[in-house]
Amino acid sequence: VKTTDLHPAALFINRELSWLAFNERVLEEANDPATPLLERVKFAAIAASNLDEFFMVRVASLKQQIDEADATPDPAGLRPDKQLSAVAHRAHRFVDALYDCTERGLVPALAAEGIRILKFDDIDPPRQGSLRTFFRDSVLPVLTPLAIDVSRPFPLLSSLTLNLAVMLDEAPEEVGRRLAIVQVPAGLTRLVPIPGADGVSFVLLEDIVRAHLAELFPGQTILESSVIRRARDSELELDDEGGRTHLELVEREVRRRRRSDVVRLEVEVGASDQLVALLVEQVDVEDEDVYPVPGPLDLRVLQGIVELPGFDHLRDPPLQPEDVLAGEQRRDLFSILDARDVLLHHPYDAYEPVIALLAQAAEDPDVLAIKQTLYRTSVGSPIIRSLQKAAERNKQVTVLVELTARFDEERNIQWARALETAGAHVIYGVRRFKVHAKVLLIVRRTAHGLRRYVHLGTGNYNERTARVYTDFGLMTSSQVLAEDATAFFSALTGYSDPPRLKKLVMAPTGLRRRFLKLIDRERRRAEAGQPAEIVAKMNSLSDEEIVSALYAASAAGVRVALNVRGICALRPGVPGVSENIEVVSIVDRFLEHSRVYYFLNGGEEAVYLSSADWMTRNLDKRIELLFPIQQADHKQRVLHALRAMFRDNVKARVLQADGTYPRRSQASGEEAFRVQEYLQQEAQRRAALARESAGVSFVPEDAGPRR
Amino acid sequence: MTDTPEPASPPIAVLDMGASAIRLVIAEVPASAPIRVIEEASRGALLGRDTFSKGIIGTDTIDQAIAAIEGFKHLMDEYGVRDVTAVATSAVREARNRDTFLDRVQRRTGIAFDVINEAEESRLLFLALQDALGRHAAFKGAWTLLAEVGGGSTSLTLLRKGEPHRTAVYALGSVRLRQQLDLRRHSHEVQVALLKRYVANVIDEIRLDIPLRRITNIIAMGGDVRFAASQMTDADVDSAAPEVARDTFLQFCDEVAGLDEESVVERFRLPSGEAETLVPALLVYRTLLGETSAKRVVISDASLRTGVLLDLAQPEGPVSARVFGEQVLGSAETVGYKFRFDRDHGRHVAFLSTRLFDELQAEHGLGERERLLLQVAALLHDIGIYVSLRAHHKHSQYIIAAAQIFGLSDDETALVSNVARYHRRGAPQQSHLPYVALDRQDRLTVNKLAAILRVANALDAEHLQKIRDVHLVRNAGVWILELEGDGDLTMEQLAATARADMFADTYGRQLVVRPVDVRS
């Protein structure tokens, strides 16, 4: 069967629906009784937060297309309007499932552990009294009820804020019922501890406000009220961690022309048809954009429960990242890297060596220059501190900062300015392309000339997320990689045109073609009757050209195993097209974030790591890097971890031809295998071995420097 | 710390201003280790587009070039580079405003570019290539063609078992072609047709100089072909010298020739400057390859810049510019053959000249390089006879001046041509334009060398190579040149005495020539 003979819908899965399927998998974790309760609550909060982002970004984009009468179908052959209605249908189903999970599963389970969210009316009168005091002292002063009428239009409420829509009865001098809006103050904590209770009983702030509505509208009759929340077009795009980043400038300009930018309206399930109709008219949304929910709006509030102190029996056992340098005599990163490369697999391996490398570089008088990309980093990061220190010591520090979400901007600019003040050369992004590559380069003077140290990674320079995201990193003093990294920075700082790199491959210049060639090479080998195999792991797979190349490879007999955590536009198991392709998604405790690409290459195995997914945006609109893993034992380690992903029978889901993701079940007699747990144990074993071998070597007290 | 050795010397930088880009390489040149490249950078600056169409480099391009160099200076500063060598090739060489241009560049950036000639370019490329591929089978092959299609010109060197046999530079460059044929005016199909026709014409010319059919190996250099190689070879091959089979190469070139500039940009994600040169350059390589019997093309990442680096790294090395004798003399003889010179006479005069040169070391104070120039002049002093016996020294002068002798710079070629000119007849005068065009130092060198050449030539006046050796005996007031040889040397004695006029003027001593009886 030629791929051209098939209807596109048979070949591609719509990316929005695939994304929703991913969020459904997250929700599965919230439903999984085998998962500790507070971790389940965390998954529910994440799923809710993800969905908000999805509406503000992806649904907004579809609506935008429709507004512009752009009827271009997606690779699956769906026009934007068809996509939108399919998305709406599935999103409504998802919201139902989310609240079912929360209200029937999590809330009772939490109550059984003593953690309660009570309704105001269910609280005993003395405690209600204390809450009334709290309301008058702290809440009332910041409330501004707004009546809506002809002269006072519906207020421009911030996206995702909670409000109470209040229906007031006809007033003496006016005609008809009136609507009023009361904003629930965003500056106050939403989980209000009930005074005098056990400290783990809460009432929601909006519930307190609702109980006092009469005080806000004296002399008027309140017919009904509902908490409402609007999601608006964020003018942002989602990144690979589900966070938001700025859109391309051009795209943003286009979006400004829109009429209404509200993409979703949530109301309480008890709101009357009349109230909803009024809101639909005022807010300017379609009926299908209204989501009546049977519980508290905005379940991100659950994160507050997750962060409660104590309750460790309801959580995963804490992760102890392993120290890969445990076997080293001296923690001098430079001399370690002079002798060997260091491969890190986070969060199983600690992030500390990366921090230490930078810290040491900042202190070392022989270090001349440090260059680094920073995409997302933590506030008060030791990385920034080291860079600042290095700059203050007159080292050449070049930092490529990618400003991300708007709310991050001010924070980003703050530390970027601090770096500049210290004397660093800070570059605020590259025009037209987002810098997503993760690379660090240190230039150091030695007796034998200049020596360079490079760190390349699949994840951001953020020691906090390094504890919860799975990522690979490589630290090396390889001359070739250093030369490439140097050329990469010179191109990004504008001192050179895009270079021809020796070992590294860069997007948007060469990465797409390289991937296509690597896939095609396996295809040709398969056609020549040789064994051929591709194993790859990424966050999302949605690039049409890559998917088509994989189909061609599969059709030629290449075995393709893909571990795709999120969106997957590829449809496996289509006869003659993709029957040799297996797609597995792991959603577990750690966010699967590493990108690994393996090609059998007739036995001369090629293993690559990258910052890039197989998404069009990564290959065409971003600056990304792909780097080879060449050291034999590192290759084996990466490949071993990669293959282990496909052995998971606890947290793995297998994508079916119909687009569903059933869990992989354990065959009878098969032992449970949970890959994240397994890799953690492996890391522990390795570290123990290293410590052991360090323990038996003898270091004379007066040992001079090693020669 | 007890083991802090001497800090290594800071890296050095080489800049190369070509027709379509300015390129930088920063490298460490340890005393006893191979060169270590630290950083390479390149910025597009279409100098050739200006020079080859308007004859001068325009203001915008000048600014572009200066901006690029200023950026490079940032990179050089990061490594504490102090030693910078900067060279410029055809696009600058041929620009009418090259002096003002280079002056502006120097005033703005502090970097002085040296315009090198075609032969020097070939020599440096050869140097780089020999370093990179000296042991490669293709390099050592029976007949190997080194080809570099640059923006302004195509440099070809024919190797015979690893030694340069012939070298030539043709005004066939990717940027030059675009400008000369005014390609922008035409559709892509017409462009390709025009390019092919033009290239074919130049190849006809090349065939006269170089036996293309005999060539069994091609080694190609340059950005365009390196890029093409990266596309033709396997995905993760990163060999320094990838090989591409003949058919694959031809097929790829044809495929790319079918793409207009926009498609090239789109397909290969090249900056438009590089996309512009890809098709013309590949057409040249393709046509060359088609003419030869080579089964594959070896692509080397050797470049002019690495040549310059090597030249700087080993000023006294075995393949250095200082002692590039073999190749230079080989190339000079190639020119000699072209003009049917008396090889044995030329070689003998060269030998006698070097003997005299060595004997006179204390007097002239010249170095190895001048010795080599003297040899070239000696080899070729008579080639003007090809035009006419009458005043043949004058014909020799302009033939040599126009010849491309591998490894000689323009200035050196001019010097050699003057030395050859004064091998007979009148001494230099203020009315001799080629002579007065030299700077003072070079004029002095011409005098010193020509004085030697006149005597040496006279010593083989009969073209019979009778003199085996000469010795200079310094007596007070008069120097005696003793001749060692077979048979009657009276003829040589008389001729040399007659030609010692310039010698007396230059070295301040009368030369008495006399045969010695070695048996006594």
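For clarity, every value in this text was computed on a predicted model and none was experimentally measured. (Residues numbered from 1 in each chain as written. Chains lettered and ligands numbered in written order. Predicted model: local features only at pLDDT ≥ 70, side-chain atom pairs only at ≥ 80, totals over all residues. Heavy atoms only, no water.)

Turning next to the overall build of chain A. Secondary structure assignment for chain A yields 20 helices and 28 strands. For 707 residues, the compact-globule formula gives about 27 Å, and the C-alpha radius of gyration of chain A, at 28 Å, lands near that figure. Principal axes of the C-alpha set define a box for chain A whose edges measure 95 × 70 × 60 Å. Scored against the burial criterion, the 707 residues of chain A give a buried share of 59%. A separation threshold of at least 6 residues defines the contact pool for chain A, and within that pool the share at least 24 residues apart is 74%. About 28,500 Å² of surface is accessible on chain A, with carbon and sulfur atoms providing 51% of the total. Across chain A, the centroid of the 91 positively charged side chains sits 5 Å from that of the 103 negatively charged ones. (Helix = DSSP H or I, 4+ residues; strand = E, 2+ residues; numbered from the N terminus. Rg over C-alpha atoms; globule rule 2.2 N^0.38 Å. Buried < 20%, exposed > 50% of the residue type's maximum accessible area, 1.4 Å probe, protein only. Contact = heavy atoms within 4.5 Å. Areas by Shrake-Rupley, 256 points an atom, 1.4 Å probe, with all protein chains shown as cover. Lys, Arg positive; Asp, Glu negative; His and termini not counted. Charge placed at Lys NZ, Arg CZ, Asp CG, Glu CD.)

We now examine the overall build of chain B. Counting its secondary structure elements, chain B contains 23 helices and 14 strands. By the compact-globule yardstick of 24 Å for 520 residues, chain B fits well, its C-alpha radius of gyration being 25 Å. Dimensions of chain B, computed from C-alpha atoms along their principal axes, come out at roughly 80 × 65 × 45 Å. Contacts in chain B between residues far apart in sequence, at least 24 positions, make up 68% of those at least 6 positions apart. A total accessible area of about 21,700 Å² is found for chain B, and carbon and sulfur atoms account for 48% of it.

Moving on: the interface of chain B and chain A. Size of an interface, as often reported, equals the accessible area lost when the parts are brought together. Taken together, the contact between chain B and chain A spans 39 residues of the former and 39 residues of the latter. Counting across the chain B and chain A interface gives three salt bridges. In this structure, Glu274 of chain B engages Arg500 of chain A in a salt bridge whose closest nitrogen and oxygen atoms are separated by 2.6 Å. Counting every contact that joins chain B to chain A gives 19 residue pairs in polar contact (both at pLDDT 80 or more). Looking at the side of chain B that touches chain A, the element that brings in the most residues is strand E3 (residues 36-44) of chain B, giving nine residues. (Salt bridge = Lys/Arg side-chain N within 4 Å of Asp/Glu carboxyl O. Polar contact = N/O pair within 3.5 Å; in protein donor to acceptor, adjacent residues only side chain to side chain.)

Another point: the sheet that holds strand E1 (residues 12-17) of chain B. Residue and element names in this part refer to chain B. Ordered in space as E3-E2-E1-E4-E5, the five strands form an open sheet in which the pairing is mixed. Looking at which strands have only one partner, the edges of the open sheet turn out to be E3 and strand E5 (113-115). Averaged over neighbouring strand pairs, the angle between their axes works out to 20 degrees when direction is ignored. Across six bridges, E1 lies against strand E4 (residues 83-88) in parallel orientation. Its bridge partner lying in E4, Met17 is registered against Ala88. (Pairing = 2+ DSSP bridges. Axes fitted to C-alpha atoms, helices over the stretch in contact; angles between N-to-C directions.)

With that settled, the discussion passes to the sheet that holds strand E13 (residues 478-485) of chain B. Residues and elements named next belong to chain B. If you trace the three strands from one edge of the open sheet to the other, you get E12-E13-E14, paired in mixed fashion. At either end of the open sheet lies a strand with only one pairing partner, and these are strand E12 (467-474) and strand E14 (510-515). Between one strand and the next, the sheet's axes are offset by a mean angle of 25 degrees, whatever the strand orientation. Pairing geometry for E13 and E14, over six bridges, is parallel. Along E14, the bridge assignment pairs Trp479 with Leu511.

To continue, consider the packing of aromatic side chains. Residues and elements named next belong to chain A. Applying the stated criterion to the full structure yields 21 aromatic pairs over all chains. Ring geometry for Phe334 versus Tyr453: centroids 4.6 Å apart, planes at 40 degrees, classification tilted. Taken together, the residues span a long stretch of sequence, with Phe334 in helix H11 (residues 333-339) and Tyr453 in strand E18 (residues 449-457) at a distance of 119 residues. Take Phe334: its relative accessible area is 1%, and that puts it in the buried class. Judged by its relative accessible area of 0%, Tyr453 is buried. (Phe/Tyr/Trp six-rings, centres within 6.5 Å; stacked < 30°, edge-to-face > 60°.)

Residue and element names in this part refer to chain A. Together, Asp284, Glu286, Asp287 and Glu288 make up a region of like negative charge exposed at the surface. As for its placement among the helices and strands, Asp284 is situated in the loop between helix H9 (273-283) and strand E11 (290-293). Asp284 sits in the partly exposed class, given a relative accessible area of 38%. (Patch = residues over 30% accessible without salt bridge, like charges linked within 9 Å, V, L, I, M, F, W, Y side chains within 5 Å.)

To continue, consider the pattern of salt bridges. For side chains of opposite charge, pairing can occur when their charged atoms come near one another. Tallying each qualifying case throughout the model produces 87 salt bridges over all chains. Its salt-bridge partner being Arg523 of chain A, residue Asp520 of chain A comes within 2.6 Å of it at the nearest N-O pair. Remark: Arg523 of chain A and Asp520 of chain A occur in helix H16 (residues 511-527); sequence separation between them is three residues, near one turn of the helix. Linking Arg98 of chain B and Asp99 of chain B is a salt bridge whose minimum nitrogen-to-oxygen distance equals 3.7 Å. By relative accessible area, Asp99 of chain B is classed as exposed at 57%.

All names here are of chain B. Contact pair helix H18 (residues 392-402) / helix H19 (residues 410-421): the axes reach a minimum separation of 8 Å and the direction vectors enclose 170 degrees. One element, H18, and the other, H19, form an angle in the roughly antiparallel class. Contacts from His393, Lys394, Gln397, Ile400 and Ala401 of H18 reach H19 at Thr413, Val416, Ser417, Asn418, Ala420 and Arg421. Taken together, the residues that form the contact of H18 with H19 break down as four nonpolar, five polar and two charged. (Parallel < 35°, antiparallel > 145°, perpendicular 65-115°, else oblique. Nonpolar A, V, L, I, M, F, W, Y, C, P; charged D, E, K, R; others polar.)

So, about the environment of Ser594 of chain A. Residues and elements named next belong to chain A. Tracing the backbone through its elements, the reader meets Ser594 in the loop between strand E24 (591-592) and strand E25 (596-599). Put simply, Ser594 and Tyr469 are 125 residues apart on the chain and 8.1 Å apart in space, counted from C-alpha to C-alpha. Look past the residues within four positions of Ser594 in its chain and what remains in contact with it is Thr458, Thr470, Asp471, Phe472, Lys537 and Met538. Of the polar contacts made by the side chain of Ser594, one reaches the side chain of Lys537; its length is 2.9 Å.

Here we take up the environment of Val276 of chain A. Residues and elements named next belong to chain A. The topology assignment puts Val276 in helix H9. Val276 gets classed as buried once you look at its relative accessible area, which sits at 19%. Put simply, Val276 and Ile384 are 108 residues apart on the chain and 49 Å apart in space, counted from C-alpha to C-alpha. Val276 has contacts with Val267, Ala271 and Val290, leaving out every residue within four places of it along the chain.

Let us look at the nonpolar core. The biggest cluster of nonpolar side chains holds 77 residues, and the ones touching the most others in it are Val182 and Ile305 of chain A. Considering every element that reaches this core, the biggest residue donor is helix H3 (residues 37-67) of chain A, with 15 residues. Dropping the residues within four chain positions of it, Val182 of chain A is found in contact with Leu143, Pro145, Asn163, Leu164, Val166, Val209, Leu213, Leu216 and Phe217 of chain A. Leu374, Val376, Ile452 and Leu459 of chain B belong to the second largest nonpolar core, which has 58 residues in total. (Core = buried A, V, L, I, M, F, W, Y, C linked by side-chain atoms within 4.5 Å.)

Relative to the assigned elements, Arg43 of chain B resides in strand E3. Along the sequence, Arg43 of chain B and Gly273 of chain B sit 230 residues apart, while their C-alpha atoms lie 9.8 Å from each other. Apart from the residues within four sequence positions on either side, Arg43 of chain B is in contact with Gly494, Tyr495, Ser496 and Asp497 of chain A together with Ala21, Ile22, Ala67, Ala68 and Phe72 of chain B. Engagement of the side chain of Arg43 of chain B in a polar contact is seen with the backbone oxygen of Gly494 of chain A, the distance being 2.8 Å.

Since the α-helix packs 3.6 residues into each turn, any two residues three or four apart lie on the same face. All names here are of chain B. Summarising burial for helix H13 (residues 304-313): seven of the ten residues are buried, a large majority. Along H13, the positions that sit buried rather than exposed are Leu304, Arg305, Gly307, Val308, Leu309, Leu310 and Asp311. Against the buried residues of H13 lie E1, strand E2 (21-28), E3, E4, helix H5 (118-133) and helix H9 (223-232).

Residue and element names in this part refer to chain B. Judged by side-chain polarity, Tyr386, Val387 and Tyr398 come together as a nonpolar surface patch covering roughly 300 Å² of accessible area. Note on placement: Val387 falls in the loop between helix H17 (368-380) and H18. Its relative accessible area of 43% is what places Val387 among the partly exposed residues.

All names here are of chain A. Every buried residue of H9 is accounted for by Leu275, Val276, Leu279, Val280 and Val283. Buried residues of H9 fall within an arc of 135 degrees about the axis and therefore sit on the same side. The exposed set on the far side of H9, more than 90 degrees from its buried face, consists of Asp273 and Glu281. At its buried positions, H9 is contacted by strand E3 (162-168), strand E4 (178-183), strand E7 (222-232), strand E10 (262-268) and E11. One or two residues past the end of H9 sits Asp284, with phi positive at roughly 65 degrees. (Arc of directions from axis to C-beta.)

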